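# Observations on the model geometry
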Amino acid sequence: MKEKIYTIPVNDAFSHPDGCPLCSLEQSLNAQLLDYYLGPSLMEPDVRQTTNAKGFCREHLNQLYNREINRLGLGLMLHTHMADLVERLEPELKGSIPVARTGLFNGRKKDYREMLNLAAEQIEKRISSCVICDRMDATMERYLDVIFYEYCADPAFKNRFENVSGFCLPHLALLLRGAARYLNQNQASVFVAALTEIQSRSLRELRDDVEWFTLKFDYRNHDKSWKNSKDALPRSIRGLRGGQKPD
């Protein structure tokens, strides 16, 4: 049996049939990590060392700020991150400055292009890292492991899995890639057949709900029931791209 620290959130997410269970897992984990990095841990040397080196992506920086808690802690963390950035990036930028000599750059023309491209690569490498994204990816991989283990070993979980309303497309792809990694051919055949049935049903229902939503704008349908279409647009957006319900 897998560790309870991973099985509990997975079983909780699949206990609610509405919406993508992996989105639910992802959102809960994201909230926990935001609280973790805004909590007492931000003063721990090993945590600060990691946040200095990796920083946060744009989305998580905005989420940390919009959390509106411990702005002082966030400021301290950003200060040491910026100090690390200055120390590492400034020499890289200075080393990339082309030196003019008699109207031409010093050395062959391709040399300055290489230096500028190297400096750009260092910046891109820096901004592409995020300590929260890394931990999200690692934990979601453990959740995937649990999902496939329990699907094959626990009939009750298999039944819950097959009764969810559907998965968003990003997590549908994640499940297919996970099946290729974690399941043998016979297991994958059973799993993908069930997943296909779930997803086909989900997409057909979304398609029909969106269609009826548009048809309700026809005056001839004004007095007819909305059926299940009032929130068809936000549900479709989540089904296509995942994430939280749009505002």
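Conventions used here
- Residues numbered from 1 in each chain as written.
- Predicted model: local features only at pLDDT ≥ 70, side-chain atom pairs only at ≥ 80, totals over all residues.
- Heavy atoms only, no water.
- Helix = DSSP H or I, 4+ residues; strand = E, 2+ residues; numbered from the N terminus.
- Rg over C-alpha atoms; globule rule 2.2 N^0.38 Å.
- Buried < 20%, exposed > 50% of the residue type's maximum accessible area, 1.4 Å probe, protein only.
- Contact = heavy atoms within 4.5 Å.
- Phe/Tyr/Trp six-rings, centres within 6.5 Å; stacked < 30°, edge-to-face > 60°.
- Lys NZ or Arg CZ within 6 Å of the ring centre and 35° of its normal.
- Salt bridge = Lys/Arg side-chain N within 4 Å of Asp/Glu carboxyl O.
- Core = buried A, V, L, I, M, F, W, Y, C linked by side-chain atoms within 4.5 Å.
- Axes fitted to C-alpha atoms, helices over the stretch in contact; angles between N-to-C directions.
- Parallel < 35°, antiparallel > 145°, perpendicular 65-115°, else oblique.
- Nonpolar A, V, L, I, M, F, W, Y, C, P; charged D, E, K, R; others polar.

It is worth spelling out the overall build of the chain at this point. Of regular secondary structure, the chain possesses eleven helices and two strands. Counted from the first residue to the last, the chain has its helices and strands arranged as α-α-α-α-α-β-β-α-α-α-α-α-α. The C-alpha atoms of the chain give 24 Å as radius of gyration, which overshoots the globular expectation for 247 residues (18 Å, by more than 25%). Summarising its shape, the C-alpha atoms of the chain cover approximately 75 × 55 × 45 Å along the three principal directions. Across the 247 residues that make up the chain, the buried fraction comes to 34%. A sequence separation of at least 24 residues applies to 71% of the contacts in the chain between residues at least 6 apart.

Here Glu 211 is to be found in helix H10 (residues 185-215). For Glu 211, a relative accessible area of 47% translates into the label partly exposed. C-alpha separation for the pair Glu 211 and Ala 232, spaced 21 residues apart in sequence, amounts to 8.9 Å.

This next bit is on the packing of aromatic side chains. Scanning the entire structure with this criterion turns up 15 aromatic pairs. Centroid distance Phe 161 to Phe 167: 5.4 Å. Interplanar angle 35°. Geometry classified as tilted. Accessibility classification places Phe 161 together with Phe 167 in one group, the buried group. Among the aromatic residues, ring-to-ring pairing joins Phe 14, Phe 148, Tyr 151, Phe 157, Phe 161, Phe 167, Tyr 182 and Phe 191 into one connected group. For Arg 71, the ring lying beneath its charged end belongs to Tyr 65, and the centroid distance is 3.8 Å.

For the rest of this paragraph, the subject is the pattern of salt bridges. Scanning all chains against the criterion turns up ten salt bridges. Here Arg 207 ties to Asp 208 by a salt bridge, and the two come within 3.0 Å at their closest N and O atoms. Accessibility expressed as a relative area gives 36% for Asp 208, which makes it partly exposed. Of the charged contacts in the structure, one is a salt bridge between Asp 209 and Arg 235, with a shortest N-O distance of 2.9 Å. Here Asp 209, found in helix H10, pairs with Arg 235, found in helix H11 (residues 232-241); they are 26 residues apart in sequence, far enough to count as distant.

This part covers the nonpolar core. Formed by 45 residues in total, the largest nonpolar core has its most connected members in Phe 14, Leu 22, Ile 132, Phe 161, Phe 167, Leu 175 and Phe 191. Only helix H1 (4-13), helix H2 (21-38), helix H5 (71-95), helix H7 (131-153), helix H8 (155-161), helix H9 (169-182) and H10 provide two or more residues apiece to this core. Residues in contact with Phe 161, not counting those within four places in the same chain, are Phe 14, Ile 147, Tyr 151, Phe 167, Leu 175, Phe 191, Leu 195 and Ile 198.

Moving on, we come to the packing of H7 against H10. Orientation of H7 relative to H10, taken along the N-to-C sense of each, is 100°, at an axis distance of 11 Å. Classified by the angle their axes make, H7 and H10 are roughly perpendicular. Only Gln 187, Val 190, Phe 191 and Ala 194 of H10 make contact with H7, whose side of the interface consists of Phe 148, Tyr 151 and Cys 152. Split by residue class, the contact of H7 with H10 holds six nonpolar, one polar and no charged.

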